[in-house]
Amino acid sequence: MYSTETLPNWFWLLYYSLMLLTIASAFFSIKKQQDIWRAMITIFVTLSIPVVGFVNGIYREGNQNEFEQWLSHLGKGELWALYLMFGYMYVIVWWGSLIRKRKNAGRVSRHG
């Protein structure tokens, strides 16, 4: 059965804003000729996560929002839910490496 439960609008605004920022940062990285392959993987993963989540979230059980459904399917070990988990982890690692590089570049320029 199709569920009309969904996460609040502020969540979706924040979610898609972060996804767009991630894609923009990957394109910027490609433009600067830095980590081209990782940036291309980041673009693919960032674009595919919402698609996979949406396709598998169309027919949710009654009174479940997207997050509750994902947790339920993750607990069952379903491949799509695992893909989303690893995809989100990859995006977090991407941002962590960008921030670390930015901090290291700042230290080098101040001490150089």
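For the structure itself, consult the block above.
Computed from a predicted model, the values in this text were never measured in an experiment. Along each chain, the written sequence defines residue order, and numbers are assigned to residues from 1. Only residues with pLDDT of at least 70 get local features here, since the model is predicted, and only at 80 or more are side-chain atom pairs given and counted; chain-wide, interface and lining totals rely on the full set of residues. The side-chain numbers reported here are obtained from all heavy atoms of the structure, hydrogens and water having been left aside.

Enquirer: Just to check I follow, could you spell out the nonpolar core for this structure?
Expert: The tendency in soluble globular proteins is for nonpolar side chains to be buried side by side. Nine residue types can take part in a nonpolar core, namely buried Ala, Val, Leu, Ile, Met, Phe, Trp, Tyr and Cys, and a core is a set of them joined through side-chain atoms within 4.5 Å. Relative accessibility under 20% of the residue-type maximum defines a buried residue, over 50% an exposed one, and the middle range a partly exposed one, all with a 1.4 Å probe and only protein chains included. Residues Y15, M19, V45, I49, W70, W80, A81, L84 and V91 constitute the largest nonpolar core, which totals nine residues. Mapped by element, the contributors of at least two residues to this core are helix 1 (9-31), helix 2 (36-57) and helix 4 (79-111). Put simply, DSSP marks the helices as runs of H or I at least four residues long and the strands as runs of E at least two long, and each gets a number from the N terminus on. The leading source of residues in this core is helix 4, at four residues.

Enquirer: Hey, could you run me through the pattern of salt bridges in this one?
Expert: Note on pairing: side chains with opposite charge can pair once their charged atoms come close. Throughout this description, the term salt bridge denotes a Lys or Arg side-chain nitrogen within 4 Å of a carboxyl oxygen of Asp or Glu. One pass over the structure, following the stated rule, counts three salt bridges. The shortest N-O distance in the salt bridge between R38 and D35 comes to 3.5 Å. For R38, a relative accessible area of 29% translates into the label partly exposed. Ionic pairing is found between D35 and K101, a salt bridge with its closest N-O pair at 2.0 Å. Residue D35 is located in the loop between helix 1 and helix 2, and its partner K101 is located in helix 4; the two are separated by 66 residues in the primary sequence. Overlapping salt bridges bring together D35, R38 and K101 as one network.

Enquirer: Even after reading the chapter, I still don't get the layout of surface pockets, so can you show me in this structure?
Expert: Only protein atoms enter the calculation, which uses a 1 Å grid: trapped sets of points that fit a 1.4 Å probe without letting it out are cavities, open sets showing protein on both sides within 12 Å along at least five of seven lines are pockets, and any residue with an atom within 4 Å of a point is a lining residue. Grid points are joined across faces, edges and corners, and a volume is the space filled by probe spheres set on the points. Taken as a whole, the second largest pocket holds about 330 Å³ of empty space. Residue lining of the second largest pocket: S25, F28, S29, K32, Q34, D35, L98, I99, K101, R102 and A105, and that is the complete set. Of all the secondary-structure elements, those providing two or more residues to the lining of the second largest pocket are helix 1 and helix 4. Take the lining of the second largest pocket: its biggest share by element is five residues, from helix 4.

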